[in-house]
Amino acid sequence: MSLNLFDDAEQSRVWHEELCPGALVLRHFALSYEPAIFAALDEIAAQTPFRHMVTPGGFTMSVAMTSCGSYGWVTDRRGYRYDKVDPLSGKQWPVLPEVFRKLAEDAAARAGFADFAPDACLINRYAAGARLSLHQDKDERDIGQPIVSVSLGIPAIFLFGGACREDKTQRIQLTHGDVVVWGGPARLHFHGISPLKEAHHPLTGDVRINLTFRKAT
Ligand code: MD3
Ligand code: FE
């Protein structure tokens, strides 16, 4: 399904694609928030740098990560969890920038989640070759709340499976400015990112940045 919206000039190039019930792609939705997003990202990375975390199984992730908001997502040999403290600095994560909150809430509202109130934003950075293997996001307390993801920079092939790991996966290209709202029946679907191909984007250089907004607690 695809339809055009002409509600205001800046959002006039946004269109919707439903991947399955509960998974709505808002193409170009983040473009009107762009300058403020990049200013905020630079400030966050200066306070809490991107780092390659280690999984409980002992593998170093190819994706570099950081967080902002009341909670950050961390993994180490002890397991995966949301934590109020950045293990690198020993301090709280940077506050969720206003533009991030607005973008996440506006996108969720577009998809029918009028009272989404994210308390965590995981920021993933992919260089060429980086990937994220098939997984579910189920560390959040209330899976009735959606996750909002924002893609920036070079494109990625997103793998979108079903409720079981064995279910067949759709491959969807996510490009700069695309926002996806994942809720309802899609909330616990398996998903991942294929190894990124080398590319260049004027705003991010040779990387892809993905923001995922969550209600962790
Ligand atoms: C589908 N990130 O951080 S965003 C993650 O592009 C993650 O960095 C990917 O998977 C990335 O956990 C994919 C798309 C996404 C995020 C959360 C989902 C898809 C989802 C939760 C449920 C179903
Ligand atoms: Fe995920």
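Parameters at a glance
Residues numbered from 1 in each chain as written. Chains lettered and ligands numbered in written order. Predicted model: local features only at pLDDT ≥ 70, side-chain atom pairs only at ≥ 80, totals over all residues. Heavy atoms only, no water. Helix = DSSP H or I, 4+ residues; strand = E, 2+ residues; numbered from the N terminus. Buried < 20%, exposed > 50% of the residue type's maximum accessible area, 1.4 Å probe, protein only. Contact = heavy atoms within 4.5 Å. Areas by Shrake-Rupley, 256 points an atom, 1.4 Å probe, with all protein chains shown as cover. Lys, Arg positive; Asp, Glu negative; His and termini not counted. Charge placed at Lys NZ, Arg CZ, Asp CG, Glu CD. Donors = N, O, S within 2.8 Å, 3.2 Å for Na, K, Ca; no water. Pairing = 2+ DSSP bridges. Axes fitted to C-alpha atoms, helices over the stretch in contact; angles between N-to-C directions. Near = heavy atom within 4 Å. Polar contact = N/O pair within 3.5 Å; in protein donor to acceptor, adjacent residues only side chain to side chain. Expected span 1.5 Å × (residues − 1). Arc of directions from axis to C-beta.

S.K.: I keep staring at the overall build of the protein and nothing clicks. Help me out?
M.R.: Helix and strand counts for the protein come out as 2 helices and 14 strands. Out of the 217 residues in the protein, the part that is buried amounts to 51%. Relative to all contacts within the protein whose residues are 6 or more apart in sequence, the contacts with residues 24 or more apart total 69%. Accessible surface computed for the protein: about 10,300 Å², of which carbon and sulfur atoms make up 54%. Looking at the protein, you have 23 positive and 25 negative side-chain charges, and the mean spots of the two groups are 7 Å apart.

S.K.: I keep staring at the coordination of the iron ion (ligand 2) and nothing clicks. Help me out?
M.R.: For a metal bound by four donors in a tetrahedral arrangement, the ideal donor-metal-donor angle is 109.5 degrees, while six donors in an octahedral arrangement ideally sit at 90 or 180 degrees. Binding of the iron ion (ligand 2) to the protein goes through H135 (NE2), D137 (OD) and H191 (NE2), at separations of 2.0 to 2.2 Å. Sequence spacing of the donor residues for the iron ion (ligand 2), all on one chain, is H-x1-D-x53-H. Within this pair, whereas H135 is found in strand 8 (residues 132-135), its partner H191 is found in strand 13 (residues 191-193), the two being separated by 56 residues in sequence. Residue classification places H135 among the partly exposed residues on the basis of a relative accessible area of 22%.

S.K.: Teacher, can you tell me more about the sheet that holds strand 10 (residues 156-160) here?
M.R.: Remark on secondary structure: sheet strands pair via backbone hydrogen bonds, oriented parallel or antiparallel. Judged by pairing direction, the sheet is antiparallel, and its 4 strands sit side by side in the order 8-13-10-11 without closing on themselves. Where the open sheet ends on each side, the last strands, each with one partner, are strand 8 and strand 11 (170-174). Averaged over all neighbouring strand pairs, the angle between strand axes comes to 20 degrees, with direction disregarded.

S.K.: Sorry if this is basic, but what is going on with the site of ligand 1 here?
M.R.: Taken together, 19 residues sit near ligand 1, with N124, Y126, D137, H191 and R208 positioned nearest. One nitrogen or oxygen atom from the side chain of R208 is found 2.9 Å from an oxygen atom belonging to ligand 1. R214 has a polar side-chain atom sitting 3.1 Å from an oxygen atom of ligand 1. Contact with the protein chains covers 98% of the free accessible surface of ligand 1, which is 490 Å². For the shell around ligand 1, the secondary-structure elements that each account for two or more residues are strand 7 (120-126), strand 8, strand 9 (147-153), strand 13 and strand 14 (208-214).

S.K.: Looking at this structure, how should I read unusual backbone geometry?
M.R.: Outside of glycine, negative phi angles account for most residues, and trans bonds account for most peptide bonds. In this structure, H28 takes a positive phi of about 70 degrees despite not being glycine. Counting through the fold element by element, H28 comes out in the loop between strand 3 (23-27) and helix 1 (34-47). Accessibility expressed as a relative area gives 16% for H28, which makes it buried.

S.K.: Help me out: how do you make sense of helix 1 in this one?
M.R.: Counting along an α-helix, one turn takes 3.6 residues, and residues three or four places apart therefore face a common direction. Taking 1.5 Å as the rise per residue, helix 1 with 14 residues should run 20 Å; its terminal C-alpha atoms sit 20 Å apart, in good agreement. For helix 1, the complete set of buried residues consists of I37, F38, A40, L41 and I44. Projected onto a plane normal to the axis of helix 1, the buried residues spread over an arc of 165 degrees and lie on a single side. Turned more than 90 degrees away from the buried face of helix 1 sit P35, D42, E43 and A46, all of them exposed. Packing partners of the buried residues in helix 1 comprise strand 4 (64-69), helix 2 (98-110), strand 7, strand 9 and strand 14.

S.K.: Help me out: how do you make sense of the pairing of strand 3 in this one?
M.R.: On a regular strand, each side chain points to the face opposite its neighbour's, so the side chains alternate between the two faces of the sheet. Within strand 3, 5 of the 5 residues are buried, which leaves it mostly tucked inside the rest of the structure. The two faces of strand 3 match: A23, V25 and R27 on one face and L24 and L26 on the other face are all buried. By the bridge criterion, 5 bridges tie strand 2 (residues 15-20) to strand 3 in an arrangement that is antiparallel. When the bridges of strand 3 are listed, E18 appears paired with L24. From the end of strand 2 to the start of strand 3, which pair antiparallel, there are 2 residues, and G22 there has a positive phi angle of about 100 degrees.

Everything listed here is a matter of geometry and, on its own, says nothing about what the molecule does.
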